[in-house]
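A look at the structure
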Amino acid sequence: MLAIVDYDAGNVRSVQRACEHVGLTDAEITADPDVVRGADRVIFPGVGSSESAVDTLHNRGLDAALTEFYHSGKPLLGICLGSQIVVEHSEEGDKDCLGLLAGQVKRFQLADPSLKVPHIGWNSVDVVRDHPVLKNISSGDEFYFVHSYYVEPVDPETIYGRTDYGEDFCSMLGQNNLFTTQFHLEKSGRLGLGILEAFGDWDGTPPC
Amino acid sequence: MLSKRIIACLDVRDGNLAKSIKFVDTKDIGDPVSKAREYYEDGLDELVFYDITASSDKRNIMLDVVESVAKQVFIPFSVGGGIRSVEDANKLLWAGAEKINVNSAAVQRPGLIDECSHALGAQNVVLSVDIARVGASNDIPSGYEVVINGGRTATGRDAIAWVIEGEQRGAGELVVNSIDADGTREGYELTLTRMVAEAVGIPVIASGGAGKPEHLYDVLTEGKADAALVASMVHYGDYTVSGLKQWLSDKGIKVRLKY
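Residues numbered from 1 in each chain as written. Chains lettered and ligands numbered in written order. Predicted model: local features only at pLDDT ≥ 70, side-chain atom pairs only at ≥ 80, totals over all residues. Heavy atoms only, no water.

The name an unreviewed UniProt entry gives chain B is Imidazole glycerol phosphate synthase subunit HisF, with OM182 bacterium MED-G24 as the organism. Taken verbatim from the UniProt record of chain B, the Subunit (unreviewed entry) comment is "Heterodimer of HisH and HisF." According to the UniProt record, the Pathway (unreviewed entry) comment for chain B is "Amino-acid biosynthesis; L-histidine biosynthesis; L-histidine from 5-phospho-alpha-D-ribose 1-diphosphate: step 5/9." (UniProt positions renumbered as here; feature names shortened; annotations may be inferred.)

With an unreviewed UniProt entry as reference, chain A is termed Imidazole glycerol phosphate synthase subunit HisH, source organism OM182 bacterium MED-G24. In its Subunit (unreviewed entry) section, the UniProt record describing chain A reads: "Heterodimer of HisH and HisF." Database annotation for chain A, UniProt heading Function (unreviewed entry): "IGPS catalyzes the conversion of PRFAR and glutamine to IGP, AICAR and glutamate. The HisH subunit catalyzes the hydrolysis of glutamine to glutamate and ammonia as part of the synthesis of IGP and AICAR. The resulting ammonia molecule is channeled to the active site of HisF."

This is the structure in C-alpha coordinates:
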(Lines give C-alpha, C1' and ligand atoms only; values in the text may rest on other atoms or scores of the structure.)
Protein backbone atom coordinates (compact mmCIF):
# COMPACT_ATOMS: atom_id res chain seq x y z
CA MET A 1 0.00 0.00 0.00
CA LEU A 2 1.13 3.52 -0.82
CA ALA A 3 0.39 6.02 1.95
CA ILE A 4 -0.16 9.71 1.20
CA VAL A 5 0.44 11.61 4.43
CA ASP A 6 -2.40 13.94 5.37
CA TYR A 7 -1.44 16.73 7.76
CA ASP A 8 -3.87 19.44 6.61
CA ALA A 9 -1.27 20.94 4.29
CA GLY A 10 -2.56 20.95 0.80
CA ASN A 11 -4.63 18.97 -1.56
CA VAL A 12 -3.74 15.36 -0.90
CA ARG A 13 -6.49 14.32 -3.28
CA SER A 14 -4.61 15.87 -6.22
CA VAL A 15 -1.70 13.60 -5.37
CA GLN A 16 -4.00 10.61 -5.02
CA ARG A 17 -5.64 11.29 -8.40
CA ALA A 18 -2.24 11.59 -10.04
CA CYS A 19 -1.21 8.26 -8.45
CA GLU A 20 -4.36 6.59 -9.76
CA HIS A 21 -3.69 8.02 -13.21
CA VAL A 22 -0.26 6.33 -13.38
CA GLY A 23 -1.58 3.02 -12.07
CA LEU A 24 -0.71 3.40 -8.38
CA THR A 25 -4.26 2.43 -7.48
CA ASP A 26 -3.47 1.41 -3.89
CA ALA A 27 -2.70 5.01 -2.84
CA GLU A 28 -4.45 5.79 0.43
CA ILE A 29 -4.72 9.18 2.13
CA THR A 30 -3.97 8.76 5.81
CA ALA A 31 -3.31 10.72 8.98
CA ASP A 32 -2.69 7.55 10.99
CA PRO A 33 0.96 7.06 12.01
CA ASP A 34 0.56 3.26 12.12
CA VAL A 35 -0.72 3.20 8.54
CA VAL A 36 2.34 5.22 7.53
CA ARG A 37 4.66 2.81 9.39
CA GLY A 38 3.06 -0.19 7.66
CA ALA A 39 3.05 1.24 4.12
CA ASP A 40 5.21 -0.12 1.28
CA ARG A 41 5.90 3.39 0.03
CA VAL A 42 5.04 6.86 1.28
CA ILE A 43 4.36 10.19 -0.37
CA PHE A 44 4.81 13.22 1.85
CA PRO A 45 3.17 16.11 -0.07
CA GLY A 46 2.19 19.60 1.05
CA VAL A 47 1.64 23.22 0.21
CA GLY A 48 1.57 26.26 2.42
CA SER A 49 3.51 27.19 5.51
CA SER A 50 5.86 24.85 7.36
CA GLU A 51 5.12 26.66 10.59
CA SER A 52 1.71 25.13 11.30
CA ALA A 53 2.46 22.00 9.27
CA VAL A 54 5.31 20.90 11.56
CA ASP A 55 3.04 21.29 14.60
CA THR A 56 0.24 19.30 12.99
CA LEU A 57 2.67 16.51 12.07
CA HIS A 58 3.88 16.39 15.66
CA ASN A 59 0.40 16.47 17.17
CA ARG A 60 -0.64 13.50 15.05
CA GLY A 61 2.53 11.54 15.78
CA LEU A 62 3.33 11.58 12.09
CA ASP A 63 6.82 13.04 12.58
CA ALA A 64 7.97 9.92 14.42
CA ALA A 65 6.19 7.64 11.93
CA LEU A 66 7.87 9.35 8.96
CA THR A 67 11.28 9.12 10.64
CA GLU A 68 10.76 5.40 11.33
CA PHE A 69 9.53 4.86 7.79
CA TYR A 70 12.63 6.56 6.38
CA HIS A 71 14.90 4.29 8.44
CA SER A 72 13.04 1.21 7.14
CA GLY A 73 14.68 1.80 3.73
CA LYS A 74 11.38 1.79 1.83
CA PRO A 75 10.77 4.46 -0.85
CA LEU A 76 9.79 7.90 0.45
CA LEU A 77 8.86 10.80 -1.83
CA GLY A 78 8.60 14.39 -0.55
CA ILE A 79 6.78 17.02 -2.62
CA CYS A 80 7.03 20.81 -2.15
CA LEU A 81 6.45 21.51 1.55
CA GLY A 82 7.14 17.81 2.16
CA SER A 83 10.54 18.28 0.52
CA GLN A 84 11.31 21.06 2.99
CA ILE A 85 10.10 19.47 6.21
CA VAL A 86 12.45 16.48 5.81
CA VAL A 87 15.53 18.67 6.46
CA GLU A 88 16.80 19.91 9.82
CA HIS A 89 15.51 23.44 10.15
CA SER A 90 13.32 26.00 8.41
CA GLU A 91 13.68 29.76 8.41
CA GLU A 92 9.90 29.89 8.02
CA GLY A 93 8.73 30.42 11.59
CA ASP A 94 12.22 29.34 12.81
CA LYS A 95 11.06 25.71 13.04
CA ASP A 96 13.00 22.53 13.67
CA CYS A 97 11.99 19.94 11.09
CA LEU A 98 12.40 16.16 10.76
CA GLY A 99 16.15 16.18 10.17
CA LEU A 100 16.20 13.20 7.79
CA LEU A 101 18.52 15.10 5.46
CA ALA A 102 21.13 17.63 6.62
CA GLY A 103 20.13 21.08 5.41
CA GLN A 104 18.23 24.28 5.94
CA VAL A 105 15.08 25.76 4.44
CA LYS A 106 15.73 29.34 3.29
CA ARG A 107 13.60 32.13 1.90
CA PHE A 108 14.35 33.57 -1.53
CA GLN A 109 16.37 36.78 -1.17
CA LEU A 110 16.46 37.88 -4.77
CA ALA A 111 18.62 40.75 -5.93
CA ASP A 112 16.41 41.38 -8.97
CA PRO A 113 13.32 43.32 -7.82
CA SER A 114 11.35 42.28 -10.90
CA LEU A 115 11.41 38.65 -9.71
CA LYS A 116 8.36 37.92 -7.62
CA VAL A 117 8.11 35.81 -4.49
CA PRO A 118 6.45 33.30 -4.33
CA HIS A 119 8.07 31.72 -7.34
CA ILE A 120 4.94 30.61 -9.19
CA GLY A 121 4.89 28.90 -12.55
CA TRP A 122 6.73 26.52 -14.84
CA ASN A 123 10.50 26.45 -14.64
CA SER A 124 13.25 24.18 -15.95
CA VAL A 125 15.00 21.61 -13.83
CA ASP A 126 18.57 20.69 -14.70
CA VAL A 127 19.27 17.12 -13.69
CA VAL A 128 22.74 17.06 -12.13
CA ARG A 129 22.83 13.37 -11.20
CA ASP A 130 20.94 10.34 -12.43
CA HIS A 131 18.35 8.58 -10.30
CA PRO A 132 15.84 5.75 -10.91
CA VAL A 133 12.85 8.07 -10.34
CA LEU A 134 14.12 10.35 -13.12
CA LYS A 135 14.11 7.68 -15.83
CA ASN A 136 11.10 9.21 -17.63
CA ILE A 137 12.35 12.81 -17.79
CA SER A 138 15.28 14.72 -19.30
CA SER A 139 17.43 17.53 -18.03
CA GLY A 140 15.84 20.90 -18.81
CA ASP A 141 12.24 19.67 -18.63
CA GLU A 142 9.82 22.10 -16.98
CA PHE A 143 7.71 21.58 -13.87
CA TYR A 144 5.20 23.62 -11.89
CA PHE A 145 6.48 25.49 -8.82
CA VAL A 146 4.68 27.42 -6.07
CA HIS A 147 6.97 28.38 -3.17
CA SER A 148 8.80 31.15 -1.33
CA TYR A 149 11.32 28.90 0.43
CA TYR A 150 13.79 26.30 -0.82
CA VAL A 151 16.14 23.72 0.66
CA GLU A 152 19.87 24.26 0.95
CA PRO A 153 21.44 20.89 1.77
CA VAL A 154 24.75 20.46 3.58
CA ASP A 155 26.00 17.67 1.33
CA PRO A 156 26.15 18.63 -2.38
CA GLU A 157 25.99 14.91 -3.20
CA THR A 158 22.30 14.96 -2.21
CA ILE A 159 21.45 17.39 -5.03
CA TYR A 160 19.76 15.82 -8.06
CA GLY A 161 18.20 18.87 -9.70
CA ARG A 162 18.82 22.60 -9.90
CA THR A 163 16.62 25.45 -11.03
CA ASP A 164 17.41 29.08 -11.81
CA TYR A 165 15.20 31.80 -10.39
CA GLY A 166 17.46 34.80 -10.09
CA GLU A 167 19.65 32.49 -8.05
CA ASP A 168 20.33 28.81 -8.47
CA PHE A 169 18.43 26.63 -5.99
CA CYS A 170 18.01 22.90 -5.37
CA SER A 171 14.80 21.64 -6.90
CA MET A 172 15.37 17.89 -6.41
CA LEU A 173 17.18 16.14 -3.57
CA GLY A 174 17.83 12.53 -2.71
CA GLN A 175 19.47 10.51 0.01
CA ASN A 176 19.21 6.73 0.43
CA ASN A 177 15.52 5.81 0.03
CA LEU A 178 14.34 9.43 0.16
CA PHE A 179 13.70 11.53 -2.96
CA THR A 180 12.17 15.01 -2.99
CA THR A 181 10.97 17.56 -5.51
CA GLN A 182 10.34 21.23 -4.71
CA PHE A 183 7.91 21.40 -7.65
CA HIS A 184 4.44 19.92 -7.77
CA LEU A 185 4.89 16.81 -9.88
CA GLU A 186 1.16 16.08 -9.51
CA LYS A 187 0.42 19.35 -11.34
CA SER A 188 3.26 19.20 -13.87
CA GLY A 189 1.53 17.39 -16.71
CA ARG A 190 2.83 14.24 -18.34
CA LEU A 191 6.44 14.76 -17.22
CA GLY A 192 5.48 15.18 -13.58
CA LEU A 193 3.36 12.05 -13.80
CA GLY A 194 6.43 10.35 -15.30
CA ILE A 195 8.37 10.95 -12.07
CA LEU A 196 5.47 9.62 -10.03
CA GLU A 197 5.24 6.52 -12.18
CA ALA A 198 8.98 5.91 -11.83
CA PHE A 199 8.70 6.36 -8.06
CA GLY A 200 6.11 3.57 -8.15
CA ASP A 201 8.71 1.30 -9.79
CA TRP A 202 11.56 2.25 -7.45
CA ASP A 203 12.47 -0.13 -4.63
CA GLY A 204 14.22 2.54 -2.56
CA THR A 205 17.75 1.50 -3.46
CA PRO A 206 19.81 4.64 -4.04
CA PRO A 207 21.80 4.91 -7.28
CA CYS A 208 25.44 3.87 -6.80
CA MET B 1 14.10 31.02 -15.74
CA LEU B 2 10.39 31.00 -15.25
CA SER B 3 8.32 30.52 -18.38
CA LYS B 4 5.47 32.84 -19.30
CA ARG B 5 2.19 31.01 -18.82
CA ILE B 6 -0.66 30.60 -21.28
CA ILE B 7 -3.89 30.16 -19.37
CA ALA B 8 -7.19 29.23 -20.99
CA CYS B 9 -10.36 30.56 -19.48
CA LEU B 10 -13.54 28.54 -19.72
CA ASP B 11 -16.80 30.22 -18.76
CA VAL B 12 -19.19 27.55 -17.54
CA ARG B 13 -22.92 28.01 -17.23
CA ASP B 14 -25.11 25.20 -15.94
CA GLY B 15 -22.23 22.78 -16.62
CA ASN B 16 -21.72 23.90 -20.23
CA LEU B 17 -19.05 26.01 -21.82
CA ALA B 18 -20.04 29.56 -22.67
CA LYS B 19 -18.09 32.48 -23.99
CA SER B 20 -19.13 36.01 -23.32
CA ILE B 21 -18.89 38.85 -25.79
CA LYS B 22 -18.45 42.09 -23.90
CA PHE B 23 -19.98 40.31 -20.89
CA VAL B 24 -23.53 40.67 -22.15
CA ASP B 25 -24.51 38.13 -24.77
CA THR B 26 -23.34 34.62 -23.87
CA LYS B 27 -23.72 31.51 -25.94
CA ASP B 28 -22.89 27.89 -25.16
CA ILE B 29 -20.07 26.33 -27.16
CA GLY B 30 -19.52 22.86 -25.68
CA ASP B 31 -18.43 20.52 -22.94
CA PRO B 32 -15.90 22.04 -20.50
CA VAL B 33 -14.34 18.73 -19.48
CA SER B 34 -13.42 17.60 -22.98
CA LYS B 35 -12.23 21.10 -23.87
CA ALA B 36 -10.03 21.19 -20.74
CA ARG B 37 -8.53 17.84 -21.63
CA GLU B 38 -7.90 18.88 -25.22
CA TYR B 39 -6.01 22.00 -24.09
CA TYR B 40 -4.07 20.08 -21.44
CA GLU B 41 -2.85 17.61 -24.04
CA ASP B 42 -1.94 20.48 -26.34
CA GLY B 43 0.40 22.03 -23.77
CA LEU B 44 -1.76 24.47 -21.85
CA ASP B 45 -0.02 25.73 -18.69
CA GLU B 46 -3.06 26.40 -16.55
CA LEU B 47 -6.85 26.50 -16.63
CA VAL B 48 -9.38 28.89 -15.18
CA PHE B 49 -13.06 28.10 -14.89
CA TYR B 50 -15.57 30.84 -14.21
CA ASP B 51 -18.91 29.56 -13.08
CA ILE B 52 -21.45 31.99 -14.51
CA THR B 53 -24.41 29.86 -13.50
CA ALA B 54 -27.12 32.25 -12.45
CA SER B 55 -29.20 30.09 -10.12
CA SER B 56 -27.66 28.83 -6.91
CA ASP B 57 -29.50 25.47 -7.08
CA LYS B 58 -27.39 24.57 -10.12
CA ARG B 59 -24.07 25.39 -8.45
CA ASN B 60 -23.34 21.79 -7.58
CA ILE B 61 -23.05 21.02 -11.29
CA MET B 62 -19.79 22.97 -11.16
CA LEU B 63 -18.42 20.68 -8.48
CA ASP B 64 -19.04 17.71 -10.81
CA VAL B 65 -17.25 19.52 -13.63
CA VAL B 66 -14.28 20.26 -11.34
CA GLU B 67 -14.16 16.66 -10.15
CA SER B 68 -14.18 15.29 -13.73
CA VAL B 69 -11.50 17.74 -14.85
CA ALA B 70 -9.28 16.91 -11.86
CA LYS B 71 -9.24 13.23 -12.84
CA GLN B 72 -7.95 13.97 -16.33
CA VAL B 73 -6.03 17.20 -16.25
CA PHE B 74 -2.75 17.40 -14.33
CA ILE B 75 -1.93 21.09 -14.52
CA PRO B 76 -3.01 23.77 -12.04
CA PHE B 77 -6.54 25.00 -12.38
CA SER B 78 -8.57 27.58 -10.57
CA VAL B 79 -12.26 28.12 -10.26
CA GLY B 80 -14.14 31.35 -9.77
CA GLY B 81 -17.69 32.56 -9.69
CA GLY B 82 -20.06 32.55 -6.78
CA ILE B 83 -17.44 32.06 -4.04
CA ARG B 84 -18.66 33.98 -1.00
CA SER B 85 -17.09 32.08 1.88
CA VAL B 86 -14.23 29.81 2.89
CA GLU B 87 -16.77 26.98 2.84
CA ASP B 88 -17.55 27.60 -0.86
CA ALA B 89 -13.81 27.71 -1.57
CA ASN B 90 -13.08 24.51 0.34
CA LYS B 91 -15.76 22.59 -1.58
CA LEU B 92 -14.03 23.50 -4.84
CA LEU B 93 -10.56 22.63 -3.55
CA TRP B 94 -11.80 19.31 -2.26
CA ALA B 95 -13.40 18.60 -5.65
CA GLY B 96 -9.95 19.10 -7.17
CA ALA B 97 -9.39 22.77 -7.99
CA GLU B 98 -5.91 24.04 -7.16
CA LYS B 99 -6.83 27.66 -6.53
CA ILE B 100 -9.95 29.71 -6.11
CA ASN B 101 -10.78 33.00 -7.79
CA VAL B 102 -12.66 35.72 -5.98
CA ASN B 103 -14.07 38.75 -7.73
CA SER B 104 -17.29 40.68 -7.02
CA ALA B 105 -17.84 39.09 -3.61
CA ALA B 106 -14.39 40.31 -2.51
CA VAL B 107 -15.17 43.87 -3.61
CA GLN B 108 -18.39 43.78 -1.62
CA ARG B 109 -16.69 42.19 1.40
CA PRO B 110 -12.88 42.56 1.20
CA GLY B 111 -12.39 40.41 4.33
CA LEU B 112 -13.20 37.40 2.12
CA ILE B 113 -9.67 37.65 0.69
CA ASP B 114 -8.10 37.58 4.18
CA GLU B 115 -10.29 34.65 5.24
CA CYS B 116 -9.55 32.59 2.14
CA SER B 117 -5.84 33.43 2.26
CA HIS B 118 -5.62 32.41 5.89
CA ALA B 119 -7.58 29.19 5.40
CA LEU B 120 -6.16 28.03 2.06
CA GLY B 121 -2.80 29.79 1.82
CA ALA B 122 -2.12 32.89 -0.27
CA GLN B 123 -0.83 30.76 -3.14
CA ASN B 124 -4.30 29.30 -3.60
CA VAL B 125 -6.17 32.60 -3.69
CA VAL B 126 -6.46 34.49 -6.95
CA LEU B 127 -8.05 37.93 -6.95
CA SER B 128 -9.81 38.59 -10.21
CA VAL B 129 -10.68 42.19 -10.97
CA ASP B 130 -12.95 43.49 -13.71
CA ILE B 131 -11.81 46.95 -14.66
CA ALA B 132 -13.25 49.73 -16.82
CA ARG B 133 -11.45 52.74 -18.26
CA VAL B 134 -13.14 55.88 -16.93
CA GLY B 135 -10.57 58.68 -17.12
CA ALA B 136 -8.66 60.08 -14.14
CA SER B 137 -10.57 61.93 -11.44
CA ASN B 138 -10.13 62.71 -7.75
CA ASP B 139 -11.89 59.49 -6.75
CA ILE B 140 -10.26 57.37 -9.48
CA PRO B 141 -6.74 58.80 -9.84
CA SER B 142 -5.50 55.96 -12.06
CA GLY B 143 -8.36 56.44 -14.52
CA TYR B 144 -9.36 52.79 -14.10
CA GLU B 145 -12.35 51.76 -12.02
CA VAL B 146 -13.30 48.43 -10.49
CA VAL B 147 -16.63 47.13 -11.78
CA ILE B 148 -18.60 44.11 -10.57
CA ASN B 149 -21.43 41.80 -11.54
CA GLY B 150 -19.94 41.04 -14.93
CA GLY B 151 -19.19 44.69 -15.64
CA ARG B 152 -22.70 45.96 -15.04
CA THR B 153 -22.07 47.77 -11.75
CA ALA B 154 -19.52 50.52 -11.14
CA THR B 155 -18.03 50.60 -7.63
CA GLY B 156 -16.31 53.99 -7.38
CA ARG B 157 -13.09 52.19 -6.42
CA ASP B 158 -9.77 52.91 -8.05
CA ALA B 159 -8.45 49.72 -9.68
CA ILE B 160 -4.82 50.27 -8.71
CA ALA B 161 -5.70 51.00 -5.08
CA TRP B 162 -7.84 47.85 -5.04
CA VAL B 163 -5.18 45.48 -6.41
CA ILE B 164 -2.67 46.81 -3.86
CA GLU B 165 -5.23 46.25 -1.09
CA GLY B 166 -5.94 42.77 -2.48
CA GLU B 167 -2.26 41.86 -2.30
CA GLN B 168 -2.01 43.18 1.26
CA ARG B 169 -5.05 41.15 2.25
CA GLY B 170 -3.35 37.99 1.02
CA ALA B 171 -4.16 37.37 -2.63
CA GLY B 172 -1.43 35.23 -4.23
CA GLU B 173 -2.10 36.17 -7.86
CA LEU B 174 -4.11 38.74 -9.78
CA VAL B 175 -6.25 38.46 -12.87
CA VAL B 176 -6.63 41.84 -14.54
CA ASN B 177 -9.66 41.74 -16.77
CA SER B 178 -10.36 44.73 -18.94
CA ILE B 179 -14.07 45.16 -19.55
CA ASP B 180 -13.31 47.45 -22.48
CA ALA B 181 -11.12 44.87 -24.21
CA ASP B 182 -13.03 41.72 -23.22
CA GLY B 183 -14.49 39.90 -26.21
CA THR B 184 -13.19 42.42 -28.74
CA ARG B 185 -10.23 40.28 -29.88
CA GLU B 186 -8.42 43.56 -30.53
CA GLY B 187 -5.67 43.13 -27.92
CA TYR B 188 -5.18 43.34 -24.17
CA GLU B 189 -5.34 46.64 -22.28
CA LEU B 190 -1.58 47.12 -22.12
CA THR B 191 -1.48 50.33 -20.12
CA LEU B 192 -3.71 48.93 -17.40
CA THR B 193 -1.88 45.59 -17.23
CA ARG B 194 1.47 47.30 -16.93
CA MET B 195 0.21 49.71 -14.25
CA VAL B 196 -1.01 46.77 -12.17
CA ALA B 197 2.15 44.71 -12.74
CA GLU B 198 4.27 47.62 -11.55
CA ALA B 199 2.05 48.25 -8.51
CA VAL B 200 2.12 44.74 -6.99
CA GLY B 201 4.68 42.06 -6.16
CA ILE B 202 2.49 39.07 -7.03
CA PRO B 203 2.07 37.48 -10.47
CA VAL B 204 -0.30 39.26 -12.86
CA ILE B 205 -2.45 37.43 -15.36
CA ALA B 206 -3.70 39.60 -18.21
CA SER B 207 -7.23 38.98 -19.38
CA GLY B 208 -9.58 40.31 -22.01
CA GLY B 209 -9.04 41.14 -25.65
CA ALA B 210 -6.74 38.41 -26.97
CA GLY B 211 -7.36 37.79 -30.67
CA LYS B 212 -3.94 37.33 -32.28
CA PRO B 213 -0.57 35.90 -31.15
CA GLU B 214 0.88 39.43 -31.31
CA HIS B 215 -1.50 40.44 -28.53
CA LEU B 216 0.00 37.82 -26.23
CA TYR B 217 3.51 38.94 -27.12
CA ASP B 218 2.65 42.57 -26.39
CA VAL B 219 1.09 41.91 -22.99
CA LEU B 220 3.90 39.57 -21.89
CA THR B 221 6.55 42.16 -22.82
CA GLU B 222 5.23 45.73 -22.85
CA GLY B 223 2.34 44.87 -20.52
CA LYS B 224 4.74 43.14 -18.06
CA ALA B 225 2.24 40.32 -17.42
CA ASP B 226 3.43 36.97 -16.05
CA ALA B 227 0.69 35.08 -17.84
CA ALA B 228 -1.79 35.66 -20.63
CA LEU B 229 -5.34 34.43 -20.48
CA VAL B 230 -6.94 33.30 -23.72
CA ALA B 231 -10.50 32.29 -24.51
CA SER B 232 -12.28 32.80 -27.84
CA MET B 233 -9.11 32.67 -29.91
CA VAL B 234 -8.63 29.03 -28.91
CA HIS B 235 -12.23 28.01 -28.17
CA TYR B 236 -13.38 28.59 -31.74
CA GLY B 237 -10.37 26.84 -33.24
CA ASP B 238 -8.71 29.88 -34.81
CA TYR B 239 -5.52 29.13 -32.88
CA THR B 240 -4.17 26.20 -30.90
CA VAL B 241 -2.39 26.41 -27.56
CA SER B 242 0.68 24.66 -28.94
CA GLY B 243 0.70 26.93 -31.99
CA LEU B 244 0.55 30.05 -29.85
CA LYS B 245 3.37 28.82 -27.63
CA GLN B 246 5.56 27.94 -30.59
CA TRP B 247 4.92 31.39 -32.09
CA LEU B 248 5.85 33.11 -28.82
CA SER B 249 8.95 30.95 -28.45
CA ASP B 250 10.06 31.89 -31.97
CA LYS B 251 9.72 35.53 -30.91
CA GLY B 252 12.06 34.94 -27.97
CA ILE B 253 9.53 34.51 -25.15
CA LYS B 254 10.34 31.63 -22.80
CA VAL B 255 7.37 29.27 -22.77
CA ARG B 256 7.08 25.58 -21.90
CA LEU B 257 7.35 23.66 -25.16
CA LYS B 258 7.86 20.09 -23.95
CA TYR B 259 4.84 18.49 -22.37
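What follows covers the overall build of chain B. Helix and strand counts for chain B stand at 10 helices and 12 strands. For chain B, the spread of C-alpha atoms along the principal axes amounts to about 45 × 45 × 35 Å. Split into buried and exposed, the 259 residues of chain B put 58% on the buried side. Across chain B, every contact between residues at least 6 apart in sequence was considered, and the portion connecting residues at least 24 apart equals 63%. Only carbon and sulfur atoms are counted for the fraction: they give 47% of the accessible area of chain B, which is about 9700 Å². The centroid of the 28 positive side-chain charges in chain B is displaced by 3 Å from the centroid of its 37 negative side-chain charges. (Helix = DSSP H or I, 4+ residues; strand = E, 2+ residues; numbered from the N terminus. Buried < 20%, exposed > 50% of the residue type's maximum accessible area, 1.4 Å probe, protein only. Contact = heavy atoms within 4.5 Å. Areas by Shrake-Rupley, 256 points an atom, 1.4 Å probe, with all protein chains shown as cover. Lys, Arg positive; Asp, Glu negative; His and termini not counted. Charge placed at Lys NZ, Arg CZ, Asp CG, Glu CD.)

Attention shifts here to a negative patch on the surface. All names here are of chain A. On the surface, a cluster of negative charge is made up of Asp-26, Glu-28, Asp-32 and Asp-40. Note on placement: Asp-40 falls in the loop between α2 (33-38) and β3 (41-44). For Asp-40, a relative accessible area of 44% translates into the label partly exposed. (Patch = residues over 30% accessible without salt bridge, like charges linked within 9 Å, V, L, I, M, F, W, Y side chains within 5 Å. Salt bridge = Lys/Arg side-chain N within 4 Å of Asp/Glu carboxyl O.)

The feature "active site" (unreviewed entry), as given by UniProt, occupies Cys-80, His-184 and Glu-186 of chain A in the numbering adopted here. Spatially, the listed residues are clustered: although they cover 107 residues, their C-alpha atoms lie within 10.5 Å of one another. In this structure, His-184 of chain A sits in the loop between β14 (178-181) and α6 (189-201). The residues contacting His-184 of chain A, other than those within four sequence positions of it, are Gly-46, Val-47, Ile-79, Cys-80, Tyr-144 and Val-146 of chain A. When you line up the elements, Glu-186 of chain A lands in the loop between β14 and α6. The exposure class of Glu-186 of chain A is buried, given its relative accessible area of 5%. Every residue in contact with Glu-186 of chain A, bar those within four places of it in the chain, is listed here: Ser-14, Val-15, Ala-18 and Ile-79 of chain A together with Phe-74 of chain B. Only 2.9 Å separates the side chain of Glu-186 of chain A from the side chain of His-184 of chain A, close enough to count as a polar contact. (Polar contact = N/O pair within 3.5 Å; in protein donor to acceptor, adjacent residues only side chain to side chain.)

Residue and element names in this part refer to chain B. Tracing the backbone shows Ser-117 in helix α5 (residues 111-120). One polar contact links the side chain of Ser-117 to the main-chain carbonyl oxygen of Gly-170, over a distance of 2.8 Å. Other than its neighbours up to four places away in sequence, Ser-117 contacts Ala-122, Val-125, Arg-169 and Gly-170.

Our next topic: the packing of helix α2 (residues 60-72) of chain B against helix α3 (residues 86-95) of chain B. Residue and element names in this part refer to chain B. Axis separation between α2 and α3 bottoms out at 8 Å; the angle between their running directions is 30°. Contact residues: Leu-63, Val-66, Glu-67 and Ala-70 in α2; Lys-91, Leu-92 and Ala-95 in α3. Class assignment for the residues of the contact of α2 with α3 results in 5 nonpolar, no polar and 2 charged. (Axes fitted to C-alpha atoms, helices over the stretch in contact; angles between N-to-C directions. Nonpolar A, V, L, I, M, F, W, Y, C, P; charged D, E, K, R; others polar.)

Another point: the environment of Ser-50 of chain A. Residues and elements named next belong to chain A. Checked against the element boundaries, Ser-50 lands in helix α3 (residues 50-59). With a relative accessible area of 1%, Ser-50 lands in the buried category. In this structure, the C-alpha to C-alpha distance between Ser-50 and Val-105, residues 55 residues apart in sequence, is 9.7 Å. For Ser-50, the contacting residues outside a window of four places in its chain are Leu-81, Ile-85, Ser-90 and Glu-92.

Residues and elements named next belong to chain A. Here strand β5 (residues 87-90) runs beside strand β7 (residues 101-107); their pairing, made up of 3 bridges, is parallel. Within β7, the residue paired with His-89 across the bridge is Gln-104. Examined bridge by bridge, β5 and strand β6 (residues 95-96) share 2 bridges and lie antiparallel to one another. By the bridge assignment, His-89 is partnered in β6 with Asp-96. Counting the residues in the hairpin turn of β5 and β6 gives 4 residues, including Gly-93, whose phi is positive at 75°. (Pairing = 2+ DSSP bridges.)

This part covers the interface of chain A and chain B. Listed by partner, the interface residues are 32 residues for chain A and 39 residues for chain B. Both faces combined, the contact of chain A with chain B buries some 2800 Å², and carbon together with sulfur accounts for 54% of it. Summed over the three residues of chain A that lose the most area to chain B, namely Lys-116, Trp-122 and Lys-187 of chain A, the buried surface amounts to 26% of that side. Our count for the chain A to chain B interface comes out at 17 residue pairs in polar contact (both at pLDDT 80 or more). Among the elements of the structure, α1 (12-21), β8 (119-124), β10 (142-147), β12 (159-165) and α6 of chain A are those that each provide at least two residues to the side of chain A that touches chain B. Per-element tally for the side of chain A that touches chain B: the top contributor is β8 of chain A, with 6 residues. Of the residues that constitute the side of chain A that touches chain B, the class distribution is 11 nonpolar, 12 polar and 9 charged. (Buried area = accessible area lost by both parts, 1.4 Å probe.)

Here we come to the confidence of the model for chain B. Overall, the predicted model of chain B reaches an average pLDDT of 92, with 94% of residues at or above 70. Our summary of model confidence lists the complex with pTM equal to 0.94 and ipTM equal to 0.93. (pLDDT = per-residue confidence, 0-100.)

Tallying each qualifying case throughout the model produces 13 aromatic pairs over all chains. For the pair Phe-108 of chain A and Phe-169 of chain A, a centre-to-centre distance of 5.2 Å together with 85° between the ring planes defines the contact as edge-to-face. You can see Phe-108 of chain A sitting in the loop between β7 and β8 and its partner Phe-169 of chain A sitting in strand β13 (residues 167-175), a full 61 residues away along the chain. Per residue, the accessibility class of Phe-108 of chain A equals that of Phe-169 of chain A, and both read buried. Considering the side-chain rings of Tyr-150 of chain A and Phe-169 of chain A, the 5.9 Å spacing of their centres and the 50° angle between planes classify their relative orientation as tilted. Of this pair, Tyr-150 of chain A sits in strand β11 (residues 149-153) while Phe-169 of chain A sits in strand β13; the two residues are 19 residues apart in sequence, bridging distant segments of the chain. Across the pair, exposure class does not vary: Tyr-150 of chain A and Phe-169 of chain A are buried alike. Here the guanidinium or amino end of Arg-129 of chain A rests over the ring plane of Tyr-160 of chain A, the centre of that ring lying 5.9 Å away. We note Arg-256 of chain B situated over the ring of Trp-122 of chain A; from NZ or CZ to the ring centre the distance is 3.6 Å. (Phe/Tyr/Trp six-rings, centres within 6.5 Å; stacked < 30°, edge-to-face > 60°. Lys NZ or Arg CZ within 6 Å of the ring centre and 35° of its normal.)

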